[in-house]
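Letter by letter, the chains look like this.
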Amino acid sequence: MAKTSKPTIARAGTSGSPIKSRKTKLGRVAKTGRFVLIDPARRKAVLSAAEKSGLLGEKSARIGGRISPALLEQAKKQTGISTDTDLIEFALANVALEDEFSKAFDKVRGTVDPSLKLGF
């Protein structure tokens, strides 16, 4: 098995200066692939929203599948989730609660009058 180099930890939008904090989790900027620290409250917010939406009721369904151990380990590192069950629940809640903002934003593209003064 090949050794991988340790990722650089940086804030999104900065030049890559390291940040040290025990309260935040390691993440990655989707656009650039660079690692960044993400807000640890994200997991709590997603699971709270899923619970309020009635998605986290009785736990009787079962899923199974084979995935890359590297994918599993990296997902656990980025989320701070240690169990497979909790990780799957968080991932599914993220998908189930997707707000499709980008689709809505693209749908209204070009509908604002270009001559409208927005104050900046």
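Our structure's up above, just so we're on the same page.
A.B. asks: Explain the overall build of the chain to me, and be specific about the residues and the numbers.
C.D. replies: A count of helices and strands for the chain gives four helices and two strands. Buried positions account for 14% of the 120 residues belonging to the chain.

A.B. asks: Describe the packing of helix α2 (residues 69–79) against helix α3 (residues 84–96), naming the residues involved and giving the relevant values.
C.D. replies: Look at α2 against α3: their axes get within 11 Å of each other, and the N-to-C directions meet at 75°. Classified by the angle their axes make, α2 and α3 are roughly perpendicular. Contacts between α2 and α3 involve L72, A75, K76 and T79 from the first element and D84, L87 and F90 from the second. Among the residues making up the contact of α2 with α3, the classes are represented as four nonpolar, one polar and two charged.

A.B. asks: Lay out the environment of A93 in plain terms, naming residues and giving numbers.
C.D. replies: Mapped onto the secondary structure, A93 falls in helix α3. A93 has contacts with V46, L47 and A50, leaving out every residue within four places of it along the chain.

A.B. asks: Residues and numbers for the nonpolar core, please.
C.D. replies: Counting seven residues, the largest nonpolar core consists of V46, L47, A50, I81, L87, F90 and A93. If you list the elements that add at least two residues to this core, you get α1 (41–52) and α3. Residues contacting F90, with those up to four places away along its chain left out, are R42, R43, V46, L47, T79 and I81.

A.B. asks: Please give an account of the pattern of salt bridges that cites residues and values.
C.D. replies: Inspection of the entire model under this criterion finds four salt bridges. Across the pair R43 and D86 runs a salt bridge, and its minimum N-O distance is 4.0 Å. Note that R43 is positioned in helix α1 and D86 in helix α3, a separation of 43 residues in sequence.

A.B. asks: Could you give an account of the layout of surface pockets, with specific residues and numbers?
C.D. replies: By volume, the largest pocket is sized at about 890 Å³. Around the largest pocket, the lining is made up of 25 residues, and of these I63, T85, I88, E89 and L92 lie nearest the centre. For the lining of the largest pocket, the secondary-structure elements that each account for two or more residues are α2 and α3. In terms of residue count, α3 provides more of the lining of the largest pocket than any other element does, eight residues in total. Looking at the lining of the largest pocket residue by residue, the classes come out as 14 nonpolar, five polar and six charged.

Cut-off values and rules
- Residues numbered from 1 in each chain as written.
- Predicted model: local features only at pLDDT ≥ 70, side-chain atom pairs only at ≥ 80, totals over all residues.
- Heavy atoms only, no water.
- Helix = DSSP H or I, 4+ residues; strand = E, 2+ residues; numbered from the N terminus.
- Buried < 20%, exposed > 50% of the residue type's maximum accessible area, 1.4 Å probe, protein only.
- Axes fitted to C-alpha atoms, helices over the stretch in contact; angles between N-to-C directions.
- Parallel < 35°, antiparallel > 145°, perpendicular 65-115°, else oblique.
- Contact = heavy atoms within 4.5 Å.
- Nonpolar A, V, L, I, M, F, W, Y, C, P; charged D, E, K, R; others polar.
- Core = buried A, V, L, I, M, F, W, Y, C linked by side-chain atoms within 4.5 Å.
- Salt bridge = Lys/Arg side-chain N within 4 Å of Asp/Glu carboxyl O.
- 1 Å grid on protein atoms, 1.4 Å probe; cavity = no way out; pocket = protein on both sides within 12 Å on 5 of 7 lines; lining within 4 Å.
- Points joined across faces, edges and corners; volume = space filled by probe spheres on them.

By themselves these figures say nothing about function.
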